[in-house]
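# Architecture at a glance
Chain by chain, the residues:
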Amino acid sequence: MKTAGSMIDLLKDLIKIESDTKEGANEALLFCSEWLKAHGEDVEVHDNDGYLMLTAAKGRGDDKIIWNGHVDVVPGRKEQFSPIEDGDKLYGRGSADMKAGVAGMMQAFIELDAAALPREVHLHIVTDEETGGHYTSEWLVDQGHYGDFVICGEPTHLKIGLQSKGILRMDMTFKGKPAHGSRPWEGINAIESAMKFHAGMKDLPFRKESTEYYEQASVNLAIIDAGDRYNVVPDTCKMAYDIRFMPGQDKDEIVRQMEQLAETLAVEMDFQAGGSTPALTTKGDHPYIQTLKKAVETKLSEQPVLFGQHGAADTRHYAKKIGGQGAIEFGPSGDDWHGNAEYVSISSVHSFKDILMAHALAPAKV
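Now for a quick tour of the structure. (Residues numbered from 1 in each chain as written. Predicted model: local features only at pLDDT ≥ 70, side-chain atom pairs only at ≥ 80, totals over all residues. Heavy atoms only, no water.)

## Looking at the pattern of salt bridges
Any two side chains of opposite charge can pair if their charged atoms end up close together. Our working rule: By salt bridge we mean one thing: a side-chain nitrogen of Lys or Arg within 4 Å of a carboxyl oxygen of Asp or Glu. Elements are defined by DSSP. Helices are runs of H or I of four residues or more, strands are runs of E of two residues or more, and each kind is numbered from the N terminus. To sort residues, take the accessible area from a 1.4 Å probe on protein chains only and compare it with the maximum for the residue type: under 20% means buried, over 50% means exposed, and anything in between is partly exposed.
In this structure the tally under the stated criterion is 18 salt bridges. Across the pair K58 and E41 runs a salt bridge, and its minimum N-O distance is 3.1 Å. Separated by 17 residues along the polypeptide, K58 in strand β2 (residues 51-58) and E41 in the loop between α2 (22-38) and β1 (44-48) bring together distant segments of the chain. In this structure E41 comes out as buried when scored by relative accessible area, which is 8%. The partner of R244 in a salt bridge is D242, and the shortest N-O contact between them spans 2.8 Å. Grouping residues by exposure puts R244 and D242 together as buried. Ionic contacts of the salt-bridge type, sharing partners, join the residues E111, K353 and D354 into one network.

## Description of the sheet that holds strand β5 (residues 89-91)
Rule in force here: Whether two strands pair depends on DSSP finding at least two bridges between them. Contacts were defined at the residue level, with two residues in contact if any of their heavy atoms lie within 4.5 Å. The axes used here are C-alpha line fits, helices contributing only the stretch in contact, and every angle between their N-to-C directions lies in the interval 0 to 180 degrees.
Spatial strand order, β4-β5-β17-β16: four strands in an open sheet with antiparallel pairing. In the strand order of this sheet, the two ends are held by β4 (84-86) and β16 (334-335), each with one partner. When β4 meets β5, the two strands line up antiparallel, connected through three bridges. What sits directly across from I84, in β5, is Y91. Lying over the sheet, helix α3 (residues 95-111) contacts β5, β16 and β17 (343-345), oriented at roughly 45° with respect to β17. Most of the contacts of helix α9 (residues 346-360) go to β17, to which it runs at about 60°, and overall it touches β4, β5 and β17.

## Re the environment of A358
For A358, the location among the structural elements is in helix α9. In this structure the C-alpha to C-alpha distance between A358 and K294, which are 64 residues apart in sequence, comes to 9.0 Å. Excluding its chain neighbours within four sequence positions, the residues that come into contact with A358 are A295 and K299.

## Thoughts on the environment of A240
With respect to the helices and strands, the residue A240 is situated in strand β11 (residues 236-245). When residues no more than four places from it in sequence are discounted, the contact partners of A240 are M170, D171, N220, L221, A222 and I223.

## Quick word on the sheet that holds β11
Whether parallel or antiparallel, the strands of a sheet pair through hydrogen bonds between backbone atoms. Taken in spatial order, the four strands make up an open sheet running β10-β11-β9-β12, and their pairing is antiparallel. The sheet terminates laterally at β10 (218-226) and β12 (268-277), the two strands that pair on one side only. Neighbour to neighbour, the strand axes of the sheet diverge by 15° on average, direction disregarded.

## A few points about the pairing of β2
Judged by how many residues are buried, β2 sits mostly within the fold: seven of eight residues are covered. Pairing between β1 and β2: five bridges, direction antiparallel. Directly across from V45, in β2, lies its bridge partner L54. Counted along the chain from β1 to the antiparallel partner β2, the turn is two residues long, and its residue D49 has a positive phi close to 55°. Bridge analysis of β2 against strand β6 (residues 120-126) gives five bridges, and the strand direction is antiparallel. Each residue of the ladder has a partner; that of A57, found in β6, is H122.

## Observations concerning the state of the cysteines
Quick reminder of the rule: By convention in this document, the label disulfide applies to cysteine sulfur atom pairs within 2.5 Å.
For the structure on display, the rule yields zero disulfides. In this structure C32 is not part of a disulfide, and its nearest cysteine sulfur, from C152, lies 15 Å away.

## Observations concerning the packing of helix α1 (residues 7-16) against α3
Let me state the cut-off plainly: Oblique is the label for every angle not falling under 35 degrees (roughly parallel), over 145 degrees (roughly antiparallel), or within 65 to 115 degrees (roughly perpendicular). What makes a crossing left-handed is the near helix being turned counterclockwise from the far one by less than a right angle; a clockwise turn instead makes it right-handed. Under the grouping applied here, Gly and all other residues not named as nonpolar or charged are polar, the nonpolar ones being Ala, Val, Leu, Ile, Met, Phe, Trp, Tyr, Cys and Pro and the charged ones Asp, Glu, Lys and Arg.
Two numbers describe how α1 lies on α3: the axes approach to 9 Å, and their chain directions differ by 135°. Judged by the angle between their axes, α1 and α3 are oblique. Considering how the two elements wind past one another, α1 and α3 form a crossing that is right-handed. Counted together, M7, L10, L11, L14 and I15 of α1 and S95, K99, A100, V102, A103, G104, M106 and Q107 of α3 form the full contact between these two elements. Classifying every residue of the contact of α1 with α3 gives nine nonpolar, three polar and one charged.

## Quick word on the pairing of strand β3 (residues 64-70)
Burial within β3 is extensive, with six of its seven residues counted as buried. Relative to β6, β3 runs parallel, the two being bridged by seven bridges. The residue bridging H70 from the neighbouring strand is V126, located in β6.

## Considering α2
Quick note on the threshold: Each residue after the first adds 1.5 Å to the expected span of a helix.
Helix length check: α2, at 17 residues, gives a terminal C-alpha distance of 24 Å against a target of 24 Å (1.5 Å per residue), a fit within 8%. Residues of α2 that are buried make contact with α1, β1, β2, α3 and β6. Of the residues trailing α2, G40 is marked for its positive phi of about 85°.

## Description of the environment of Q309
Note the threshold: Each polar contact in these results corresponds to two N or O atoms within 3.5 Å; when the atoms are within protein, one needs to be able to donate a hydrogen and the other to accept it, and residues that are neighboring in sequence are counted only if both atoms are side-chain atoms.
Take Q309: it is sitting in strand β14 (residues 306-309). The class of Q309 is buried, set by a relative accessible area of 16%. Along the primary structure Q309 and G161 are separated by 148 residues, whereas in three dimensions their C-alpha atoms are 5.9 Å apart. Residues contacting Q309, with those up to four places away along its chain left out, are T156, Q163, S164, K165, Y214 and E329. Reaching out from Q309, the side chain makes a polar contact with the side chain of E329 at a distance of 2.9 Å.

## Quick word on the packing of aromatic side chains
Formally: Note on ring pairs: Phe, Tyr and Trp rings are taken, using the six-membered ring of Trp, and paired if centres are within 6.5 Å. Classes follow the plane angle, with under 30 degrees stacked, over 60 edge-to-face and the rest tilted. In this analysis the charged atom, NZ for Lys or CZ for Arg, is taken to sit over a ring once it is within 6 Å of the ring centre and within 35 degrees of the ring normal.
If you walk through the whole model with that rule in mind, you get five aromatic pairs. Ring plane angle 55° and centroid distance 5.4 Å describe the contact between Y91 and Y343, whose orientation is recorded as tilted. One end of the pair, Y91, is in strand β5; the other, Y343, is in strand β17, and 252 residues separate them in sequence. The ring centre of F109 lies 4.8 Å from the NZ or CZ of K58, which sits over that ring. Sitting above the plane of the Y343 ring, K89 keeps its charged end 4.6 Å from the centroid.

Take a look at the structure:
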């Protein structure tokens with residue numbers, strides 16, 4: 001088994017790299033590559049349109065697991081790139097989301113004895129998750145880099161995020177009839193039509209459904225654009241929804257319900273449904289979830305918690321190749337990621353690393 005310097009020192013070094021730009025993320029990626037090579041690992045760096053990513057692999061067997069982590073971060077204040085340790089908390093931009101997950105995966109990877117592994121373990125580190133993952137994780141998947149089970153080390157408080165909502169984006173244009181602002185009854189106000197539609201959205205059937213892990217779908221009225229003069233009844237109103245639908249729900253049925261609502265309300269509306277991402281549907285009885293639960297219980301001496309994520313991560317790119325199942329989020333504890341006081345629990349990073357190793361070394365599937 002190879003040893004290394006402090007995993008937390010590695011994390012601090014990663015936080016110091018201002019990876020909130022493409023160039024900074026690439027710098028962090030190359031730092032990871034050199035660190036892994038210095039610890040005896042074979043690493044391949046890939047370039048897709050200037051976005052860098054790395055892959056490394058060890059072990060042998062019929063099944064393959066992927067550890068995926070990203071080193072890009074959302075923009076932060078200058079001082080957030082100087083890590084501050086306070087007790088069990090390590091503050092800094094990206095400390096939780098998700099350089100702690102990356103550091104834990106890197107440390108676990110170098111400590112794994114390839115000869116003891118009953119399967120292949122692949123490490124993927126990428127640079128554009130915060131902007132969609134299309135140039136790195138999605139590209140890797142398209143090149144054939146995927147496996148039977150994928151762990152994205154996003155911050156989950158060491159809970160197992162085995163499902164996530166799908167995404168449906170609806171761009172809508174409500175049409176009215178212009179008139180003088182002093183005689184609004186002679187026109188049809190497109191803004192009022194949009195307001196009427198939005199009020200009716202809460203009563204649609206898909207809004208009232210729930211699952212084991214979700215109370216309801218998420219509907220965010222994200223954009224509205226209408227009107228440009230006080231004295232004119234607006235004849236168009238553009239409105240956009242970000243809808244996160246639950247596993248088991250059909251995006252086409254959601255669109256049909258919204259179309260039916262417009263007809264029922266007698267409002268004229270054109271729409272375009274786009275930006276759709278399927279929900280992730282991993283179930284609790286999945287074999288790799290069972291072995292991960294056992295690893296969590298063994299290392300933490302507590303019952304593992306399963307939950308569903310509301311947002312989306314790079315898991316979605318892998319899941320599309322493996323039937324919507326087997327790509328999960330699981331990572332250390334922290335808080336205020338994307339905020340001004342982002343931090344990670346140092347002890348949870350150590351626990352995360354230990355759980356990853358125990359899971360990777362679990363007996364192969366029969």
